[in-house]
Amino acid sequence: MSAKIISPKTYVLVWLALMILLFLTWGASEINFGVFSPVIAIVIAVIKMLLVVLIFMHVRYSSRLTWVFAAAGFLWLMIMITLTMGDYLTRGTVRPQNKSIPEWKVDTESQSR
Amino acid sequence: MNIIEETHPPPPAKLEPDYLEAGHTVRSWLLTTDHKRIGLLYLFSIIFFFFIAAVAAGIMRLELLTPKGDLVLSETYSKLFTLHGVIMVWFFLIPSIPTVLGNFLIPMMIGARDVAFPKLNLLSWYLFMAGGMFALYAIIAGGVDTGWTFYTPYSSRYSNSHVIEMATGIFLSGFGSILTGLNFIITVHKMRAPGMTWFRLPLFIWSHYATSLILVLATPVLAITLLLMALERIWGIGIFDPRIGGDPVLFQHLFWFYSHPAVYIMVLPSMAVISELIPCFSRKQIFGYKFIAFASLAIAFLGFLVWGHHMFVAGPSVYAGLVFSLLSFLVAIPSAIKVFNWTATLHRGSISFETPMLYALGFIGLFSLGGLTGLFLAALGADVHLTDTYFIIAHFHYIMVGGTVLGFMGGMHFWWPKITGRMYPEKMGQLAALVTFIGFNLTFFPQFILGYLGMPRRYHAYAPEYQVYNVLSTAGASILAVGYILPVIYFIWSLHKGKKAPANPWNATGLEWQTPSPPPVHNFYETPLVVKGPYDYSPEEEERKLEERHG
Amino acid sequence: MAEATNAIAEQFDSSEQQHESAWLGLWAFLATEVLFFGGVFLGYIVYRHVYYESFVLASRTTNLVYGTVNTAVLLTSSLTMALAVHAAQVGKNKNLVRFLILTILLAITFMGVKGVEYYEHYKDHQIPGPSFVLKGAPEGELFYYFYFTMTGLHALHVVIGIGLLSVMALLAARRRFNPAYYTPVELSGLYWHFVDIVWIFLYPLIYLISRHS
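Computed from a predicted structure; not experimentally measured.

Some points on the overall build of chain A
Phase 1: Counting its secondary structure elements, chain A contains four helices and zero strands.
Phase 2: In chain A, which comprises 113 residues, the proportion classed as buried is 36%.
Phase 3: Of the contacts made within chain A by residues no fewer than 6 positions apart, 48% connect residues no fewer than 24 positions apart.
Phase 4: Total accessible area on chain A is roughly 6700 Å²; 70% of this is exposed by carbon and sulfur atoms.

Here we look at the overall build of chain B
Phase 1: A tally of helices and strands in chain B yields 16 helices and zero strands.
Phase 2: Relative to its length of 551 residues, chain B is compact, with a C-alpha radius of gyration of 23 Å against a globular reference of 24 Å.
Phase 3: Projected onto its principal axes, the C-alpha coordinates of chain B cover approximately 75 × 45 × 45 Å.
Phase 4: Evaluated residue by residue, chain B yields a buried proportion of 62% over its 551 residues.
Phase 5: Considering only contacts within chain B whose residues lie at least 6 apart along the sequence, 83% involve residues at least 24 apart.
Phase 6: Accessible area for chain B stands at about 20000 Å²; split by element, carbon and sulfur atoms hold 69% of it.
Phase 7: Placing the 32 positive and 30 negative side-chain charges of chain B at their respective mean positions leaves the two points 4 Å apart.

Some details on the packing of aromatic side chains
Phase 1: On inspection of all chains with the given rule, the structure shows 72 aromatic pairs over all chains.
Phase 2: Put simply, the rings of C:Y44, C:Y47, C:Y51, C:F55, C:Y118, C:F132, C:F143, C:Y144, C:F146, C:Y147 and C:F148 pair up and form one aromatic cluster.
Phase 3: Above the ring of A:Y88, the side-chain terminus of A:R91 is found at 4.1 Å from the ring centroid.
Phase 4: Between B:R37 and the ring centre of B:W29, over which it is positioned, the NZ or CZ distance is 4.2 Å.

Looking at unusual backbone geometry
All names here are of chain B.
Phase 1: Along the chain, T152 connects to P153 via a cis peptide bond; the corresponding omega equals 0°.
Phase 2: With respect to the helices and strands, P153 occurs in the loop between α4 (118-140) and α5 (154-158).
Phase 3: With an omega of -15°, the peptide bond running from S517 to P518 counts as cis.
Phase 4: For P518, the position within the fold is in the loop between α15 (467-497) and α16 (539-550).
Phase 5: Unusually for a residue other than glycine, F150 sits at a positive phi of about 55°.
Phase 6: Tracing the chain through its elements places F150 in the loop between α4 and α5.
Phase 7: Of note, the phi angle at R348 is positive, near 60°, even though the residue is not glycine.
Phase 8: Structurally, R348 can be placed in the loop between α10 (318-346) and α11 (355-378).

A closer look at the environment of C:Y52
Residue and element names in this part refer to chain C.
Phase 1: Within the secondary structure, Y52 is located in helix α3 (residues 52-60).
Phase 2: For Y52, a relative accessible area of 32% gives the class partly exposed.
Phase 3: Between the alpha carbons of Y52 and V90 there is a distance of 51 Å; along the sequence they are 38 residues apart.

What about a nonpolar patch on the surface?
All names here are of chain A.
Phase 1: Together, I31, F33, V35, F36, V39, V43 and I47 make up a nonpolar patch on the protein surface, roughly 650 Å² of accessible area in all.
Phase 2: Among the secondary structure elements, F36 is positioned in helix α2 (residues 36-56).
Phase 3: Residue class for F36 comes out exposed when judged on its relative accessible area of 52%.

Let's talk about the interface of chain A and chain B
Phase 1: Listed per partner, the contact involves 15 residues of chain A and 24 residues of chain B.
Phase 2: Summing both partners gives a buried area of about 1600 Å² for chain A against chain B, and 78% of it is carried by carbon and sulfur.
Phase 3: Counting every contact that joins chain A to chain B gives one salt bridge.
Phase 4: Applying the counting criterion to the chain A and chain B interface returns six residue pairs in polar contact (both at pLDDT 80 or more).
Phase 5: Its residues assigned to classes, the side of chain A that touches chain B comprises eight nonpolar, five polar and two charged.

Digging into the nonpolar core
Phase 1: Counting residues in hydrophobic clusters, the biggest one holds 284 residues, and the most contacted among them are B:W90, B:F150, B:F204, B:W342, B:W415 and C:W27.
Phase 2: At 22 residues, the largest contribution of residues to this core is made by helix α8 (residues 248-282) of chain B.
Phase 3: Filtering out sequence-adjacent residues up to four positions away, C:W27 remains in contact with A:V53, A:M57, A:V59, A:T66, A:F69, A:A70 and C:L190.

Observations regarding the domain arrangement of chain A
Residue and element names in this part refer to chain A.
Phase 1: When its domains are assigned, chain A resolves into domain 1 (1-62) and domain 2 (64-113).
Phase 2: At the junction of the two partners, domain 1 supplies five residues and domain 2 supplies four residues.
Phase 3: Taken over both partners, the interface formed by domain 1 and domain 2 buries close to 420 Å², and the fraction arising from carbon and sulfur atoms is 79%.
Phase 4: Seen at the junction of domain 1 and domain 2, the total is zero salt bridges.
Phase 5: For the pair domain 1 and domain 2, the number of links is one residue pair in polar contact (both at pLDDT 80 or more).
Phase 6: Broken down by class, the residue content of the side of domain 1 that touches domain 2 amounts to three nonpolar, one polar and one charged.

Quick look at the packing of helix α7 (residues 203-235) of chain B against helix α2 (residues 15-50) of chain C
Phase 1: The contact between α7(B) and α2(C) brings their axes to 8 Å, and the two run at 40°. Viewed along their axes, α7(B) and α2(C) form a crossing whose handedness is right-handed. Taken together, the residues of α2(C) that come into contact with α7(B) (itself represented by B:V216, B:L217, B:P220, B:V221, B:A223, B:I224 and B:L227) are C:A28, C:A31, C:T32, C:L35, C:F36, C:G39 and C:V40.
Phase 2: Grouping the amino acids of the contact of α7(B) with α2(C) by side-chain chemistry returns 12 nonpolar, two polar and no charged.

Notes on the packing of helix α4 (residues 64-90) of chain C against helix α7 (residues 183-208) of chain C
Residues and elements named next belong to chain C.
Phase 1: Packing of α4 against α7 brings their axes to within 9 Å, and their N-to-C directions diverge by 165°. The angle between the axes of α4 and α7 places the two elements in the roughly antiparallel class. In the packing of α4 onto α7, the handedness of the crossing is left-handed.
Phase 2: Partitioned by chemical class, the residues of the contact of α4 with α7 number 15 nonpolar, nine polar and two charged.

Considerations on the side chain of C:T103
All names here are of chain C.
Phase 1: Considering the arrangement of structural elements, one finds T103 in helix α5 (residues 93-123).
Phase 2: A residue is classified by how much of its surface remains accessible, and T103, at 0% relative accessible area, is buried.
Phase 3: The contacts of T103, once residues within four sequence positions are left out, are S77, T80, M81, L165 and W192.

So, the side chain of C:S210
All names here are of chain C.
Phase 1: Along the chain, the position of S210 falls in the segment after α7.
Phase 2: Engagement of the side chain of S210 in a polar contact is seen with the side chain of R48, the distance being 3.2 Å.
Phase 3: In contact with S210, other than residues within four places in its own chain, are R48, F55, V56, S59 and R60.

Focus on the interface of chain C and chain A
Phase 1: Taken together, the 53 residues of chain C in the interface contact 51 residues of chain A.
Phase 2: In total, about 4500 Å² of surface goes out of reach between chain C and chain A, with carbon and sulfur atoms giving 79% of it.
Phase 3: When the buried surface of chain C facing chain A is broken down by residue, C:W27, C:L75 and C:H212 rank first, second and third, together holding 13% of it.
Phase 4: Seen at the junction of chain C and chain A, the total is zero salt bridges.
Phase 5: Here chain C and chain A share three residue pairs in polar contact (both at pLDDT 80 or more) between them.
Phase 6: Mapped by element, the contributors of at least two residues to the side of chain C that touches chain A are α2, α4 and α7 of chain C.

The rules we used
- Residues numbered from 1 in each chain as written.
- Chains lettered and ligands numbered in written order.
- Predicted model: local features only at pLDDT ≥ 70, side-chain atom pairs only at ≥ 80, totals over all residues.
- Heavy atoms only, no water.
- Helix = DSSP H or I, 4+ residues; strand = E, 2+ residues; numbered from the N terminus.
- Buried < 20%, exposed > 50% of the residue type's maximum accessible area, 1.4 Å probe, protein only.
- Contact = heavy atoms within 4.5 Å.
- Areas by Shrake-Rupley, 256 points an atom, 1.4 Å probe, with all protein chains shown as cover.
- Rg over C-alpha atoms; globule rule 2.2 N^0.38 Å.
- Lys, Arg positive; Asp, Glu negative; His and termini not counted.
- Charge placed at Lys NZ, Arg CZ, Asp CG, Glu CD.
- Phe/Tyr/Trp six-rings, centres within 6.5 Å; stacked < 30°, edge-to-face > 60°.
- Lys NZ or Arg CZ within 6 Å of the ring centre and 35° of its normal.
- Patch = residues over 30% accessible without salt bridge, like charges linked within 9 Å, V, L, I, M, F, W, Y side chains within 5 Å.
- Salt bridge = Lys/Arg side-chain N within 4 Å of Asp/Glu carboxyl O.
- Buried area = accessible area lost by both parts, 1.4 Å probe.
- Polar contact = N/O pair within 3.5 Å; in protein donor to acceptor, adjacent residues only side chain to side chain.
- Nonpolar A, V, L, I, M, F, W, Y, C, P; charged D, E, K, R; others polar.
- Core = buried A, V, L, I, M, F, W, Y, C linked by side-chain atoms within 4.5 Å.
- Domains from an automatic or database assignment.
- Axes fitted to C-alpha atoms, helices over the stretch in contact; angles between N-to-C directions.
- Left-handed = near helix turned anticlockwise from the far one by under 90°.
- Parallel < 35°, antiparallel > 145°, perpendicular 65-115°, else oblique.

Structural data, given as structure tokens:
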């Protein structure tokens, strides 16, 4: 069969890297990085995913078509999240014409609690 | 004429039986992995579901003859339009062209013996039928009254009807759709005959490829949405439940992320059929092949960016509304590219008006009208006035019936000789196409006016001033019914009495016409070698031949 | 013998074509899985934005130790799975069976830890419903609803994976695979790595991102 054979050593090294990343992300969650805490956690998760997809799942050694298929799901998920969050992030940001600015401020504050 | 350089006359010694003669037992049909037989299994199933849903529509039209709700209770009416919507959308329109004509033709058009995963193909049909049985059970047990959109919290909390059973049916048939789409994608990538490059693929294949992308990428979102809704109904609370802070609008986001692209699942395959019919009956190379091919992919992609226009009045943010409105206008571009290219193909062609062509021309007109009224609805301001009126009903029926059903009928007539080996009666066909076109317009054009005047959808009674248009619409529906029943009768008649069809009755290009009608089990006696593009027609040649014949 | 098990299905011309089709088919299936899980992930992201304080508070009541241990278990099971596919590629049938069984055992370990975790949530009245209690977080119930739906769906996939890998182990024990034909093992491997990837994202979303923010 055509698939490339990768040495077990590579797999073990990838696993070690995954474990180190797990340790890092766990450690990072114990430290307060403010707004960057979630960013760090997600970035590490993406790196872990890439390691699994590229090496364990052999995408690195596969055809361009495989790359496209592997990326499509994530790309479409990003479309869904971006456009939906586009709604939730901008709700209540336009003042209705029948409300004065102070009235509207009270409204939005009570909405977002 | 032929795409194949040399046509090998089949050596009679190793003549394979055609796919219909290969087995006559019930078992040979129910356990078949032949894509052609699976296509026929789907054909019988979807026609069955079509007539169930059509009966529901008939009862609704009868109820709407008079302003008073005097034929059915309002509750029954809710169940009727839900039945009509659910069955038509998920058990007729979405499977219609891809699973019948797509299944039958995709392997033949690319010169393959079968789809990539024939067993999976059969499994898709069983999933579809299992889903259909759940849906039928839900109907017989008392029906569902939520509308085909299953909006929460009505579906998850207040409705007393058989929501779970119906959702299970849709979930299962959705799983079948996913597998069909996956099968087509891999088939197009991996099963093409030698020489069949991407730009030698018939446009039928491009459109079905785009459809399959949507099936694979959108349907799972419907699955999870219905699952979450059902979970909320069973568990008593859920993520759309306002009592614990849930937002019903989120349900709508998720639902339309699937259901708007689903519109393109319905109409792209119809465009696939039209792209084959127009060049064949104008005897001309298709105009702007690459534009049409890429427009299919563009429609599939842009279709994912516009779902918010179904929710303008549901309370999303104004900015989101603006963005969705703008994006919705963009979808008009690739759709218009297609219409213009088809029209340009007609220009200076040697046009003849056989039945499939009549349906194709009908499609172009009705789809244009449906698409243009879509622009009214994409406009944020106009939509607020028109939402939940009959304008919406008329708009999407112009796309669903005027688009998908006419495409399906055109395709069925065009490939009927290939599928059955018999010709349908041409004059009857032309008559049916004409009756369908007239009946359709009489049914749905008055609904544009009704909607503009403000008649709301989903009510069994209405203000008396709307009656004239409703009577027109009901009259049209009865003509339309004739247009649907006629083909069923003469198609069945033609199975025994129809003229025997030659391999290529339309003198069409395309690999499926290079093999006998009906085709042998493995489609071709020898794997074809493709050396030319798909639409190698020449109108001049055609004129010359005509002159020779008559002069 | 190879001929009998490697028979090419009649619609294909070569085993190469057959293998690539199956491989791409599974990747297309995984794309649908991404969007299937994506629907719930989207809901979680939306509500974490809308009810930020409640979600942060509720998230801190989850058990980070269980979550971290389970991540390590699943990542390790991905290693053993990759090694199983490697064993199949080089024709070491005994190793293939061993690594498959090891993967299954790790998967069962994961489910065990998850079970204990669920039981503790039950004892702490953190299962959404009439008996739900979480002080100070008015939308904490919504958080736990997501917690159970997301981990539940994931657990369902783990169970399916266990079934799939068990079948593979049985077939491997019957010497049904060889270096020329091991597609089912390879595809089960892809599926298993995908289950791992879902967890790679569930772990930070549920346990980590709200500890300090």
